[in-house]
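Each chain is listed here by its residues.
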Amino acid sequence: MKYACLVYLVEKEMEAMSEIEAEACTDESLAYDEALRRSGQLIVAQALAPVETATTVRVRKGKLTATDGPFAETKEQLGGFILIEARDLNEAIQAASRIPLARRGSIEVRPIKELRPSVRRIR
Amino acid sequence: MKFVFLIYHEEKTLDALPAKEMQTLVDGALDYDEEIRRSGHYIVSNALQRARTARTVRVRSGKVSTTDGPFAETKEQLGGFFLVEAKDIDEACAVAARFPPARLGTIEVRPVQELEHS
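Residues numbered from 1 in each chain as written. Chains lettered and ligands numbered in written order. Predicted model: local features only at pLDDT ≥ 70, side-chain atom pairs only at ≥ 80, totals over all residues. Heavy atoms only, no water.

Draft legend 1. Seen up close, the side chain of E108 of chain A. By secondary structure assignment, the location of E108 of chain A is in strand 6 (residues 106–113). Taking the relative accessible area as the measure of exposure, E108 of chain A reaches 2% and is therefore buried. Looking at E108 of chain A, its side chain comes within polar contact range of the side chain of R110 of chain A, at 2.8 Å. Reaching out from E108 of chain A, the side chain makes a polar contact with the backbone nitrogen of F71 of chain B at a distance of 2.9 Å. Apart from the residues within four sequence positions on either side, E108 of chain A is in contact with A4, C5, L6 and Y8 of chain A together with A54, R55, T56, P70 and F71 of chain B. (Helix = DSSP H or I, 4+ residues; strand = E, 2+ residues; numbered from the N terminus. Buried < 20%, exposed > 50% of the residue type's maximum accessible area, 1.4 Å probe, protein only. Polar contact = N/O pair within 3.5 Å; in protein donor to acceptor, adjacent residues only side chain to side chain. Contact = heavy atoms within 4.5 Å.)

Structure, rendered in structure tokens:
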């Protein structure tokens, strides 16, 4: 089964790290991505740019509106995600607990939903 | 450049849709996947199960704590995401706006951050 590990953190805390700390944090994160790749669990891992770079898009009655900034202003922000393959939720939680940023932030582990096309569409 | 589309919607709104309408939405989303695959924008996408199926994991002082439910209880929930390739954020937003469920929810478009070893 596939699981999304959503990494939430306080951006301000990340920005407050010294350069050495930040580099160590990045190296550790990349090393863990590599470990997941070797164990065959990694599908994709991606860090996100800070929320201030986000644009929020809505379409209502065919009209597009785009506003600067993230969808929600929150104390903690989504900072990245790791999509993994795991046997079950317990294995996914174990993998999530080894994400280096689990020591600083929170990891939401959520199963992926496979979308099934209707018969009409298969034809 | 790579961007993510974070799809937020009210799960209640989706749960209230008649089955036929829901299936039209799913078919539309699958058609959209194919369309942006053909246009070269697509990298990966996934729908997520309902927020109540989530567990939230934290590690403090070497100790793992796990709680049931999503990280944040909000009116609207993350329902899925796309990772796409686009020239710039304007192109990314234009692609995002074509996602059929954009009519019901909200899409946050955010550039990725490439991590590099020190």
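Draft legend 2. Geometry of the interface of chain B and chain A. Of the residues lining the interface, 55 residues belong to chain B; the matching set on chain A comes to 56 residues. Overall, the association of chain B and chain A removes approximately 5,000 Å² of surface from exposure, summing both partners, and the carbon and sulfur fraction of that is 61%. Area buried by chain B at its contact with chain A is led by V57, F71 and R110 of chain B, which between them contribute 14% of it. Our count for the chain B to chain A interface comes out at zero salt bridges. There are 30 residue pairs in polar contact (both at pLDDT 80 or more) connecting chain B and chain A. Of all the secondary-structure elements, those providing two or more residues to the side of chain B that touches chain A are strand 1 (2–9), helix 2 (19–38), strand 2 (42–48), strand 3 (55–60), strand 4 (63–68), strand 5 (77–85), helix 3 (89–97) and strand 6 (106–113) of chain B. At eight residues, strand 6 of chain B tops the list of elements feeding residues into the side of chain B that touches chain A. (Buried area = accessible area lost by both parts, 1.4 Å probe. Salt bridge = Lys/Arg side-chain N within 4 Å of Asp/Glu carboxyl O.)

Draft legend 3. Up close: the confidence of the model for chain B. With 100% of its residues at a pLDDT of 70 or more, chain B has an overall mean of 95. This prediction of the complex comes with two scores: 0.94 for pTM and 0.94 for ipTM. (pLDDT = per-residue confidence, 0-100.)

Draft legend 4. Focus on the nonpolar core. The biggest cluster of nonpolar side chains holds 23 residues, and the ones touching the most others in it are I84, I99 and I107 of chain A. Counting only elements with at least two residues in this core, the list comes to strand 1 (2–9), helix 2 (19–38), strand 5 (77–85), helix 3 (89–97) and strand 6 of chain A together with strand 3 of chain B. If near-sequence neighbours (up to four positions away) are discounted, I99 of chain A is found in contact with C5, Y32, I82 and I107 of chain A. F3, Y42, V95 and A102 of chain B belong to the second largest nonpolar core, which has 21 residues in total. (Core = buried A, V, L, I, M, F, W, Y, C linked by side-chain atoms within 4.5 Å.)

Draft legend 5. Broad picture of the environment of E15 of chain A. Tracing the backbone through its elements, the reader meets E15 of chain A in helix 1 (residues 11–15). The class for E15 of chain A is exposed, based on a relative accessible area of 55%.

Draft legend 6. Here's a closer look at the environment of I82 of chain A. Residues and elements named next belong to chain A. When you line up the elements, I82 lands in strand 5. For I82, a relative accessible area of 7% corresponds to the buried category. Residues I82 and D33, spaced 49 residues apart in sequence, show a C-alpha to C-alpha distance of 8.3 Å. Apart from the residues lying within four places of it in its own chain, the contact partners of I82 are Y3, A4, C5, D33, L36, L42, V44, A45 and I99.

Draft legend 7. Quick peek at helix 3 of chain B. Within the sequence span of helix 3 of chain B, burial applies to A92, C93, V95, A96 and A97 of chain B. Buried residues along helix 3 of chain B sit in contact with strand 3 (55–60) and strand 4 (63–68) of chain A together with strand 1, helix 2 and strand 6 of chain B.

Draft legend 8. Layout of the pairing of strand 4 of chain B. Residues and elements named next belong to chain B. Alignment of strand 3 against strand 4, held across six bridges, turns out to be antiparallel. Following the sheet pairing, V59 is matched in strand 4 by V64. Connecting strand 3 to the antiparallel partner strand 4 that follows it, the hairpin turn spans two residues, and S61 within it adopts a positive phi of roughly 50°. (Pairing = 2+ DSSP bridges.)

Draft legend 9. The pattern of salt bridges, seen in detail. For the coordinates displayed, the defined rule picks out 14 salt bridges over all chains. The residue R38 of chain B makes a salt bridge to E34 of chain B at a minimum N-O spacing of 4.0 Å. Pair noted here: R38 of chain B and E34 of chain B are both in helix 2, with a separation of four residues, about one helical turn. On the basis of relative accessibility, which here comes to 39%, the residue E34 of chain B falls in the partly exposed class. The partner of E91 of chain B in a salt bridge is K87 of chain B, with the nearest N and O atoms 3.4 Å apart. Residue E91 of chain B is classed as partly exposed on the basis of its relative accessible area of 23%. What makes K87 of chain B exposed here is its relative accessible area of 61%. Three or more residues are tied together by salt bridges with common partners; here these are E34, R37 and R38 of chain A.

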